[in-house]
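Remarks on the overall topology
Single-letter residue listing:
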Amino acid sequence: MRMLSLLGSGIALAALPTLAVAQIPPDFARKAQMGAPATISANAAIAHIDAAGKAVHVVRQGTNGFTCSLIPDGSDAPFCADAQGWQFLADAFTGQPKPTSTAPGIAYMAAGGMHYETPDGEIVMAPGANTKMVQEPPHWMLLWPMDATSGLPTKATGATYIMFAGTPYAHLMIYQDPTTLKL
Ligand SMILES: [Cu+2]
């Protein structure tokens with residue numbers, strides 16, 4: 001996944017409106033559910049993240065603790081996250097200065113996604129003058145601030161790496177197709 005600006009207002013996500021919104025495309029839920037195998041996505045909540053409006057709109061309630069959505073950065077990459085993972089990602093895409101999740105979370109991105117990369121392979125959260133968009137293969141993520149001193153790579157050079165190392169949104173990327181897992 002890639003993210004837009006981290007510059008946030010500091011407003012807690014809990015204070016954001018969670019309203020049903022009529023203008024969400026009718027195929028939003030179908031596309032969002034492609035983030036994870038049907039065993040998870042069929043029973044997941046569906047929510048729309050309004051990055052500009054810093055708001056989350058619940059489209060459908062779920063029963064398994066997961067929420068599926070599309071990454072609101074232009075890529076529309078589908079993802080499905082558990083409760084802590086959803087908190088982490090919703091905070092990121094509504095511009096909160098740091099995640100308010102209280103434990104590690106998981107998110108599946110079965111259709112892959114995109115990130116921005118500098119010419120030397122640094123992965124950055126927002127586009128810059130020399131950045132290019134790079135495709136991510138199907139993967140899942142361990143969403144918890146990861147310390148770059150762990151020794152894990154911080155560039156997409158292998159099967160796993162720390163994305164956004166050195167930021168509050170550092171997390172572990174794992175290049176493993178969620179559709180191949182027993183979930
Ligand atoms: Cu990621």
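Above this note sits the structure.
Every chain begins its residue count from 1, and numbering advances along the sequence as written. Owing to the predicted nature of the model, reporting of local features is limited to residues with pLDDT of at least 70; listing and counting of side-chain atom pairs is limited to 80 or more, with chain, interface and lining totals taken over all residues.

1. Some words on the overall build of the chain
Applicable threshold: Secondary structure counts use DSSP, requiring at least four H or I residues in a row for a helix and at least two E residues in a row for a strand, with both numbered from the N terminus. Three classes are used. A residue is buried when 20 or more other C-beta atoms lie within 10 Å of its own, exposed when 12 or fewer do, and partly exposed in between, with C-beta atoms placed from the backbone. Each residue gets a C-beta atom placed from its backbone, and two residues are in contact if those atoms lie within 7 Å.
Helix and strand counts for the chain come out as three helices and 11 strands. In the chain, the order of α-helices and β-strands from amino to carboxyl end is α-α-β-β-β-β-α-β-β-β-β-β-β-β. For the chain, the proportion of its 183 residues judged to be buried stands at 38%. Taking the intrachain contacts of the chain between residues at least 6 apart in sequence as the baseline, contacts between residues at least 24 apart amount to 60%.

2. Details of the sheet that holds strand E8 (residues 132-136)
Quick reminder of the rule: Any two strands with at least two DSSP-identified bridges between them are counted as paired.
Here three strands make up an open sheet; going across it, the order is E7-E6-E8 and the pairing antiparallel. Two strands in the sheet have a free side with no partner beyond their single neighbour: strand E7 (123-124) and E8. Sheet topology places strand E6 (residues 113-117) next to E8; five bridges connect them, and they run antiparallel. In the strand pairing of E8, histidine 115 is matched with valine 134.

3. Digging into helix H3 (residues 83-93)
Burial of H3 is extensive: 10 of the 11 residues sit out of reach of the surface. Within H3, the full set of buried residues consists of Gln84, Gly85, Trp86, Gln87, Phe88, Leu89, Ala90, Asp91, Ala92 and Phe93. Tucked inside the fold, the buried residues of H3 contact strand E1 (45-50), strand E2 (55-60), strand E3 (67-70), strand E4 (78-81), strand E5 (105-109) and strand E9 (139-143). Backbone geometry just downstream of H3 places glycine 95 in the positive-phi region, at approximately 75°.

4. Here's the deal with the pairing of E4
On a regular strand, one side chain projects to one face of the sheet and the next to the other, so that they alternate. Burial along E4 is two-sided: the face carrying Pro78 and Cys80 and the face carrying Phe79 and Ala81 are both buried. Relative to E4, E3 is paired through four bridges, and the arrangement is antiparallel. Across the sheet, the residue bridging to cysteine 68 is cysteine 80, located in E4. Here E4 pairs with E5 via two bridges, running antiparallel. Within E5, the residue paired with alanine 81 across the bridge is alanine 107.

5. Section: the environment of glycine 65
If you trace the backbone, glycine 65 turns up in the loop between E2 and E3. A sequence separation of 22 residues divides glycine 65 from asparagine 43, and the C-alpha atoms of the two residues are 8.6 Å apart. Apart from residues no more than four positions distant in its own chain, glycine 65 is found in contact with Asp82 and Ala83.

6. Focus on the sheet that holds E2
Picture the strands of a sheet paired through backbone hydrogen bonds; they go either parallel or antiparallel. Just so we agree on the cut-off: Note on geometry: axes are lines fitted to C-alpha atoms, helical ones only across the stretch in contact, with angles between N-to-C directions running from 0 to 180 degrees.
Strand order in the open sheet formed by eight strands is E2-E1-E3-E4-E5-E9-E11-E10, and the pairing between neighbours is mixed. One side of each edge strand has no neighbouring strand; the edge strands of this open sheet are E2 and strand E10 (160-163). Mean inter-strand twist for the sheet, computed between neighbouring axes without regard to direction, equals 25°. Contacts from H3 reach E1, E2, E3, E4, E5 and E9, with the element oriented near 75° to E5.

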